[in-house]
Amino acid sequence: MSEQIPNMNYDADEVIKDFKTKIKWPGSGEVTAVSAPSKLPLRILLALLLTIVFGAVYYYMELPALNIHDSGFYIFIILLVAAFVIFFGLLCKAHKKVERKEYVKKKSIVPIIIVAVILVVMAIGWLIGTTFFRASSYSQLVTVTSSDFSTDFEEIDYDSVPRIDESRALTLADQKLGELSEYMSQYVVSDSTTMINYNGEPVRVAYLEYADVFKWFNNTDEGLPAYMIINLVSQEVTVVNCLEEFGQCITYSPTELFNEKLVRHLRFQYPTLLMDTPNFEIDDSGHPYWITPVLDKTIGLFGGTDVKGVIITDALTGESQYYDMTAVKADQSLEWIDVVYSSSLLLTQYNYYGELSNGFWNSIIFQNDVNVVSSGNGYIALDDDIWVYTGVTSSESDSSNFGFILCNQRTKEIRYYEKGGTIESAAQDSAEDAVQNYGYSATFPILLDIEGQPTYFMSFYGDSNTVKGYALVNLSDKTIVGTGLLDNLKSDAKSLNAAVENYIEALQDKGLIDNNVDIDEYLVEETDDSGTDSSTQGSSDSAGAETETTTAAADSSDSSLGSITGTIDSIKTAVTDGDTYYYLEIDGVYYYIAVGDCMDVLLAQTGDTVKVTVPSSATGTFVAAQDIEFVE
């Protein structure tokens, strides 16, 4: 029996090592034969089809321009090459058979060479377009002309310049949307607005967006129903119902998905054009359009960004038409377009002019005559166009400007004004110091001409992002300040007039203007006790309502107080002279009160039961409320 027992005298480690040697996957250097897969043409065809599918999906999502000046185009080609190699390797089972892996590696030499060539072309194209080699070309992207401050600014009246910035305009638009029950649960106001000159007035236009993807599914068949016009002077918000005005909703917008998404709609129409961010604008009749600047790279492959034309897209129908810049500047039918050049592009090009006019090394080492724009910018409506305003200062940190520029957003005309003085941020600080006990913030200033004195104009904002007053600060002497506050004067016009009066008196005290200057020439017509401008009463339904409100308030001003208790049937809001008023409808009567007088009104909702304190003798459809309390 023992003779049949196998010999157990062996080393287990040697047995395992011998076993591993027999089953070991050979390395690439040990493979002496490279095996081509069977049905090679079919595998290549399948790899091409998969690559086409991948490319189509990527193109649909990322939308690169098929243009040699778009870096995304080169990335697209590299991804296609890489995708083909990967798909071909998988179809050849290179991940399972080492001889197939070696075959695929050898066949990948050509794709690798293609990718390497693309990268070299990109690198050379970028290098020859850098400011180091092309400083002169960059400095010539814009033409700057000197202009006369008094002549150009003579037409700008301080009571017609924008009193609110984009942030405040969006706040007003959001408040207006809150009044519209049919919109507020489905849509939100877009974060971006466009400032335009609409029928001679500076306004911002804002389109609506779907609140979320579920709201998109619920409403996309009809489109976006309306857009908003925010008047930057009167602070009134107008909602334009596109279905009622034009018979169709906004079908193409950035908030859409799939083929109605604006950038995708444009890319399919113009696959080779480099496009900047579209701007929402309206023509003189209020018809909505998308204005899309078409870019060009004028230096090297990727440098010297400029605008060579625009695409005008009907926001309702999606019809588009391309115009080159020559037509945009010369065609009178296109003068309603206001924003072709973005403020960032204009200021970037001016910085190239200011820094590189005397060469690259001068901008780094010597810095002779080097200048740049100051931080921040504002906007002015002038000559029926929108101009970007900003100061010009030295390349080093500075507390003053030695001039300022206006940049036309439609034509790229740039005017330089040699008016040195306080930098904008310092003027803001000076204005805020004048009302420091209130803690208000000043907006970025706009430069005006008052009696030949370059003057910064600013609005004051409170914590609730509402206008609280105005300030005027002298450009050459920031200690000359005039302010007017709504907290004290209870009227937008009175606050503006107070700021002007204080400022002119300060100029006279400093001896900068004559003492016989007629201040009344600068004053705007003041409002009546209700805050409604008497010159505009009766011009609209809202004006008529405010007239009735004024009468009711005046008749009851000396009466004793009483109260009514009831359920709120509806809520409306209106902005008058910078104050937001809530109108609570109870049993057919509208009881109104300013937010500043009763913050609790912000919490009111339809269906709430409230106790409203009013003059006991007040009558009429509109009654001024003194206080509002919630009744549980």
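Preceding this section is the structure that the text describes.
Attention in this report is confined to the structure presented alongside it. (Residues numbered from 1 in each chain as written. Predicted model: local features only at pLDDT ≥ 70, side-chain atom pairs only at ≥ 80, totals over all residues. Heavy atoms only, no water.)

## Quick word on the overall build of the protein chain
The secondary structure content of the protein chain amounts to 19 helices and 30 strands. Counting only residues that meet the buried cut, the protein chain has 48% of its 632 residues in that class. Sequence separation of at least 24 residues holds for 56% of the intrachain contacts in the protein chain that already meet a minimum separation of 6. Carbon together with sulfur atoms contributes 52% to the accessible area of the protein chain, which is approximately 31,000 Å² in total. (Helix = DSSP H or I, 4+ residues; strand = E, 2+ residues; numbered from the N terminus. Buried < 20%, exposed > 50% of the residue type's maximum accessible area, 1.4 Å probe, protein only. Contact = heavy atoms within 4.5 Å. Areas by Shrake-Rupley, 256 points an atom, 1.4 Å probe, with all protein chains shown as cover.)

## What to know about a nonpolar patch on the surface
There is a patch of nonpolar side chains on the surface, built from Val120, Ile124, Trp126, Leu127, Ile128, Phe132, Phe133, Trp361, Ile364, Ile365 and Phe366 and spanning about 1,200 Å² of accessible area. Put simply, the parts of the chain that give the nonpolar patch at least two residues each are α5 (109–127), α6 (131–139) and α15 (360–366). By secondary structure assignment, the location of Ile124 is in helix α5. (Patch = residues over 30% accessible without salt bridge, like charges linked within 9 Å, V, L, I, M, F, W, Y side chains within 5 Å. Salt bridge = Lys/Arg side-chain N within 4 Å of Asp/Glu carboxyl O.)

## Description of the pairing of strand β17 (residues 414–417)
Residues Ile414 and Tyr416 of β17 are buried on one face, and the alternating residues Arg415 and Tyr417, pointing to the opposite face, are buried as well. Relative to β17, strand β1 (residues 144–146) runs parallel, the two sharing three bridges. For Thr145, the partnering residue across the bridge sits in β17 and is Arg415. Pairing geometry for strand β16 (residues 403–408) and β17, over four bridges, is antiparallel. Bridge pairing in β17 links Cys407 to Ile414. (Pairing = 2+ DSSP bridges.)

## Considerations on the sheet that holds strand β28 (residues 609–615)
Spatially, three strands are ordered β24-β28-β30 in an open sheet, and the strand pairing comes out antiparallel. Each of the sheet's edge strands pairs with one partner strand only, and the pair in question is β24 (561–567) and β30 (627–630). Along the sheet, successive strands turn relative to each other by an average axial angle of 25°, direction set aside. Here four bridges tie β28 to β30, and the two strands are oriented antiparallel to one another. Opposite Val610, over in β30, you have Phe630 as the bridge partner. (Axes fitted to C-alpha atoms, helices over the stretch in contact; angles between N-to-C directions.)

## A closer look at the packing of aromatic side chains
Summed over all chains, the structure comprises 34 aromatic pairs. Ring centres of Phe132 and Trp361 lie 5.7 Å apart, and the angle between their planes is 85°; this geometry places the pair in the edge-to-face category. One end of the pair, Phe132, is in helix α6; the other, Trp361, is in helix α15, with 229 residues separating them in the sequence. Plain terms: the ring middles of Tyr581 and Tyr592 are 6.2 Å apart, the flat faces sit at 55° to each other, and that makes the pair tilted. With Tyr581 in strand β26 (residues 579–586) and Tyr592 in strand β27 (residues 589–594), the pair connects residues that are eleven residues apart, well separated along the chain. By the burial criterion, Tyr581 is buried, and Tyr592 matches it. In this arrangement the basic side chain of Arg264 is found over the ring face of Tyr60, its NZ or CZ atom lying 4.1 Å from the centre. (Phe/Tyr/Trp six-rings, centres within 6.5 Å; stacked < 30°, edge-to-face > 60°. Lys NZ or Arg CZ within 6 Å of the ring centre and 35° of its normal.)

## Concerning the environment of Arg204
Here Arg204 lies in strand β4 (residues 201–210). Residues Arg204 and Glu166, spaced 38 residues apart in sequence, show a C-alpha to C-alpha distance of 7.7 Å. If near-sequence neighbours (up to four positions away) are discounted, Arg204 is found in contact with Glu166, Ala169, Thr193, Thr194, Met195, Met228, Ile229, Ile230, Leu232 and Tyr379. Within polar-contact distance, the side chain of Arg204 engages the side chain of Thr193 at 3.0 Å. (Polar contact = N/O pair within 3.5 Å; in protein donor to acceptor, adjacent residues only side chain to side chain.)

## Examining the pattern of salt bridges
Once the charged atoms of two side chains with opposite charge are near each other, the side chains can pair. Across all of its chains, the model carries ten salt bridges by this definition. With its nearest N and O atoms 3.4 Å apart, the salt bridge here joins Asp383 to Arg415. A residue pair is termed long-range when its members are at least 10 positions apart, and Asp383 in the loop between β13 (378–382) and β14 (385–394) and Arg415 in strand β17 qualify at 32 residues. What makes Asp383 partly exposed here is its relative accessible area of 41%. Ionic pairing is found between Lys510 and Asp477, a salt bridge with its closest N-O pair at 3.6 Å. With Lys510 in the loop between α18 (492–509) and α19 (541–555) and Asp477 in the loop between β22 (467–474) and β23 (481–485), this pair connects stretches of sequence that are 33 residues apart. Linked by salt bridges that have partners in common, Asp152, Asp383, Glu413 and Arg415 make up one network.

## Some remarks on the side chain of Ser459
With respect to the secondary-structure elements, Ser459 resides in strand β21 (residues 453–461). One polar contact links the side chain of Ser459 to the main-chain carbonyl oxygen of Arg163, over a distance of 2.4 Å.

## Digging into the packing of helix α3 (residues 71–91) against α5
Taken N-terminus to C-terminus, the directions of α3 and α5 make an angle of 165°; their axes are 10 Å apart at the nearest point. In terms of their interaxial angle, α3 and α5 are classed as roughly antiparallel. The handedness of the crossing between α3 and α5 is left-handed. Note on element contacts: α5 touches α3 through Pro111, Ile114, Val115, Ile118, Leu119, Val121 and Met122, opposite Ser71, Tyr74, Ile77, Ile78, Val81 and Val85. For the contact of α3 with α5, the residue count by class is twelve nonpolar, one polar and no charged. (Parallel < 35°, antiparallel > 145°, perpendicular 65-115°, else oblique. Left-handed = near helix turned anticlockwise from the far one by under 90°. Nonpolar A, V, L, I, M, F, W, Y, C, P; charged D, E, K, R; others polar.)

## Quick notes on α18
The periodicity of an α-helix, 3.6 residues per turn, causes residues three or four places apart in sequence to face the same way. The terminal C-alpha atoms of α18 lie 26 Å apart, and with 18 residues this matches the ideal 26 Å at 1.5 Å per residue to within 8%. At the exit of α18 stands Gly511, carrying a positive phi of roughly 75°. (Expected span 1.5 Å × (residues − 1).)

## Some remarks on helix α14 (residues 343–356)
Relative to the 20 Å expected for 14 residues at 1.5 Å per residue, α14 spans 20 Å between its end C-alpha atoms, a close match to the ideal helical length. Of all the positions in α14, only Ser343, Leu345, Leu346, Leu347, Gln349, Tyr350, Asn351, Gly354 and Leu356 are classed as buried.

## A word on the state of the cysteines
Enumeration over the complete set of coordinates arrives at zero disulfides. The cysteine Cys249 is free of any disulfide, with Cys242 supplying the nearest cysteine sulfur at 6.7 Å. (Disulfide = S-S within 2.5 Å.)

## Details of the packing of helix α2 (residues 40–62) against α3
Each pair of packed helices can be described by the angle between their axes along with the distance between the axes. Contact geometry of α2 with α3 gives a least axis separation of 8 Å together with a crossing angle of 140°. In this structure, α2 meets α3 at a crossing whose hand is right-handed. In contact with Leu40, Arg43, Ile44, Leu46, Ala47, Leu48, Leu50, Thr51, Phe54, Gly55, Tyr58 and Tyr59 of α2, α3 contributes Ile75, Phe76, Leu79, Leu80, Ala83, Phe84, Phe87, Phe88 and Leu91. Residue classes in the contact of α2 with α3 are distributed as 18 nonpolar, two polar and one charged.

## A closer look at the nonpolar core
In this structure, Phe153, Ile230 and Ile405 are the most contacted members of the largest nonpolar core, which totals 122 residues. The leading source of residues in this core is α18, at eight residues. When near neighbours in sequence (up to four residues on either side) are disregarded, Phe153 contacts Ile380, Phe404, Leu406, Tyr417, Leu447, Leu448 and Asp449. Residues Leu584, Val595, Val610 and Val623 belong to the second largest nonpolar core, which totals 18 residues. (Core = buried A, V, L, I, M, F, W, Y, C linked by side-chain atoms within 4.5 Å.)

## Re the pairing of β27
Counting buried residues along β27, six of its six residues qualify, which places the element largely inside the surrounding structure. Going residue by residue along β27, you find Val589, Tyr591 and Ile593 tucked away on one face and Tyr590, Tyr592 and Ala594 tucked away on the opposite face as well. Bridging between β27 and strand β29 (residues 622–624) involves three bridges; their strand directions are parallel. Bridging across to β29, Tyr591 finds its partner in Val623.

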